[in-house]
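If you want the building blocks of each chain, they are given just below.
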Amino acid sequence: MEYVSRAPRPPLTALIDDLYYLAGTPPYPRLTLPPMPSALLILNLGPPFHVRTGTDPTTYTDGCVITTPTRAIEFCYPPATRSVGVHFKPWGLAPFLQMPAAELRDRPVTVEQLWGHRTASELRERLAAATSPDDMLNLLENELTRRLRETTGLGLVRHTSNLIASAMGAVPIADLSVAAGVSSTHLAQRFKELVGVTPKRLARTYRFAATVLAVDPAAGPVNWVDLAARAGYFDQAHFGHEFRLFTGLTPTRDVDVRRRFLREHPGHALNVGPLPAD
């Protein structure tokens, strides 16, 4: 499977972690993406794929837009997939949305719903006609730069989110509004508009992400008690409860599934993040 990724140029660097190209046969027909502090835009250039956030999967032909999730998302891929996409910072999608991010929380929409049928169709045609992944990413970056608009409150949300990220989510939420010089109600409202979740929920996501990424599934047994304490959870029971809320799995089961991925597909481009759902 081919995976090409690169960081964007300014001014998109303040909004986007990376742009990527993905093509080939997925390692599994169904992959589960655990919730991470990131929003996602996918422009599909291959057969339709399916996304499940609740009980029934939804089909996406032109691609989809996902704001910062609060629970795991399942992707059902066709035998061969091809797409370009963007991993946004939690607040990074806001300048490209036509609605409050909270309206999309755990409810992906199509690219057509985001930008309209004509724009989505023309952009996909131009991407499909590009001669290389690098040309595709340049084209997508130029389109995003062209569509970039001023967004009220973005500086406040970005600064506060960076404080949360630097503390890996282990920060008193009341301190954030004091540091920002605004009320907790105002801060929460801005976050829901631009990120889709409150500062408290984003902090929980950062803490969960930091904990998951601290685990090396290829190493030996995991000291869950120590890991939970270092991540700032009250105790191991609190950690286990939070883990199941985010993923539907116990921490031990999560590591077992990651080890399965490494064993069955060593060195695969997608071996960080997604999990087999089969």
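Residues numbered from 1 in each chain as written. Predicted model: local features only at pLDDT ≥ 70, side-chain atom pairs only at ≥ 80, totals over all residues. Heavy atoms only, no water.

### Details of the overall build of the protein
Piece 1. Across its full length, the protein carries ten helices and ten strands.
Piece 2. Here the C-alpha atoms of the protein give a radius of gyration of 19 Å, agreeing with the 19 Å that 2.2 N^0.38 yields for 278 residues.
Piece 3. Counting the 278 residues in the protein, one finds 49% classified as buried.
Piece 4. Across the protein, every contact between residues at least 6 apart in sequence was considered, and the portion connecting residues at least 24 apart equals 73%.
Piece 5. Across the protein, the 29 positively charged side chains and the 26 negatively charged ones have centroids separated by 3 Å. (Helix = DSSP H or I, 4+ residues; strand = E, 2+ residues; numbered from the N terminus. Rg over C-alpha atoms; globule rule 2.2 N^0.38 Å. Buried < 20%, exposed > 50% of the residue type's maximum accessible area, 1.4 Å probe, protein only. Contact = heavy atoms within 4.5 Å. Lys, Arg positive; Asp, Glu negative; His and termini not counted. Charge placed at Lys NZ, Arg CZ, Asp CG, Glu CD.)

### Here's the deal with empty space enclosed by the protein
Over the atoms rolls a probe the size of a water molecule, and its path tells where empty space is left.
Piece 1. Under the criterion given, the structure shown has one cavity of 30 Å³ or more.
Piece 2. Of the pockets and cavities examined, the largest cavity occupies roughly 40 Å³.
Piece 3. Around the largest cavity, the lining residues are Thr 211, Val 212, Val 215, Trp 224, Phe 243, Asp 254, Val 255 and Arg 258.
Piece 4. Counting only elements with at least two residues in the lining of the largest cavity, the list comes to helix H7 (199-213) and helix H10 (251-264).
Piece 5. Of all the elements, H10 adds the most residues to the lining of the largest cavity, at three residues.
Piece 6. Within the lining of the largest cavity, the residues separate by chemical class into five nonpolar, one polar and two charged. (1 Å grid on protein atoms, 1.4 Å probe; cavity = no way out; pocket = protein on both sides within 12 Å on 5 of 7 lines; lining within 4 Å. Points joined across faces, edges and corners; volume = space filled by probe spheres on them. Nonpolar A, V, L, I, M, F, W, Y, C, P; charged D, E, K, R; others polar.)

### With respect to the environment of Thr 151
Piece 1. Of note, Thr 151 is situated in the loop between helix H3 (133-147) and helix H4 (154-166).
Piece 2. Sequence spacing of Thr 151 and Leu 97 is 54 residues, and the spatial spacing of their C-alpha atoms is 9.9 Å.
Piece 3. Once residues lying within four places of it in the same chain are set aside, the contact partners of Thr 151 are Ala 94, Pro 95 and Leu 194.

### A look at H10
Piece 1. Relative to the 20 Å expected for 14 residues at 1.5 Å per residue, H10 spans 20 Å between its end C-alpha atoms, a close match to the ideal helical length.
Piece 2. Among all positions in H10, only Pro 251, Asp 254, Val 255, Val 257, Arg 258 and Phe 261 are buried. The arc enclosing the buried residues of H10, seen along the axis, measures out at 160°, which places them on a common side.
Piece 3. Those residues of H10 that are buried lie in contact with strand E3 (30-33), H7, helix H8 (224-230), helix H9 (236-247) and strand E10 (275-276). (Expected span 1.5 Å × (residues − 1). Arc of directions from axis to C-beta.)

### Things to note about the side chain of Asn 44
Piece 1. Locating Asn 44 in the fold gives a position in strand E4 (residues 39-44).
Piece 2. Given a relative accessible area of 1%, Asn 44 falls into the buried group.
Piece 3. Each residue touching Asn 44, except ones within four places of it in the same chain, is listed here: Phe 49, Tyr 60, Thr 61, Asp 62, Gly 63, Arg 82, Ser 83 and Arg 124.

### What about the confidence of the model for the protein?
Piece 1. Of all residues in the protein, 100% attain a pLDDT of 70 or more, and the chain-wide mean is 93.
Piece 2. Averaged pLDDT values for the elements of the protein fall to 87 in E10 and rise to 98 in E4. (pLDDT = per-residue confidence, 0-100.)

### As for the sheet that holds strand E7 (residues 63-66)
Piece 1. Read across the open sheet, the five strands follow the order E1-E2-E9-E4-E7; overall the sheet is antiparallel. Looking at which strands have only one partner, the edges of the open sheet turn out to be strand E1 (2-6) and E7. On average, adjacent strands in this sheet sit at an angle of 15° to one another, irrespective of strand direction.
Piece 2. Bridge count between E4 and strand E9 (residues 81-88): six bridges; the pairing is antiparallel. Following the sheet pairing, Leu 43 is matched in E9 by Val 84. (Pairing = 2+ DSSP bridges. Axes fitted to C-alpha atoms, helices over the stretch in contact; angles between N-to-C directions.)

### As for the sheet that holds strand E5 (residues 49-52)
Piece 1. Across the sheet, five strands lie side by side as E6-E5-E8-E3-E10; this open sheet has antiparallel pairing. The sheet terminates laterally at strand E6 (58-60) and E10, the two strands that pair on one side only.
Piece 2. Strand direction decides the pairing type here: E5 and strand E8 (residues 73-76), joined by three bridges, are antiparallel. Residue pairing for E8: His 50 is matched across the bridge by Cys 76.

### Re the environment of Leu 148
Piece 1. Mapped onto the elements, Leu 148 comes out in the loop between H3 and H4.
Piece 2. Taking C-alpha positions, Leu 148 is 9.9 Å from Leu 93, a pair spaced 55 residues apart along the chain.

### Here we look at the pattern of salt bridges
Piece 1. Taken as a whole and assessed by the stated rule, the structure comprises 16 salt bridges.
Piece 2. Linking Arg 52 and Glu 74 is a salt bridge whose minimum nitrogen-to-oxygen distance equals 3.4 Å. Remark: Glu 74 occurs in strand E8 and Arg 52 occurs in strand E5; sequence separation between them is 22 residues.
Piece 3. Looking at Arg 52, the relative accessible area reads 26%, which means it is partly exposed.
Piece 4. By relative accessible area, which is 10% here, Glu 74 ends up buried.
Piece 5. Two residues, Arg 147 and Glu 143, come together in a salt bridge whose shortest N-O distance is 3.5 Å. Note that Arg 147 and Glu 143 are positioned in helix H3 at a spacing of four residues, about one turn of the helix.
Piece 6. Given a relative accessible area of 22%, Arg 147 falls into the partly exposed group.
Piece 7. Here the salt bridges share partners, and the residues they tie into one network are Arg 6, Arg 9, Asp 134 and Glu 141. (Salt bridge = Lys/Arg side-chain N within 4 Å of Asp/Glu carboxyl O.)

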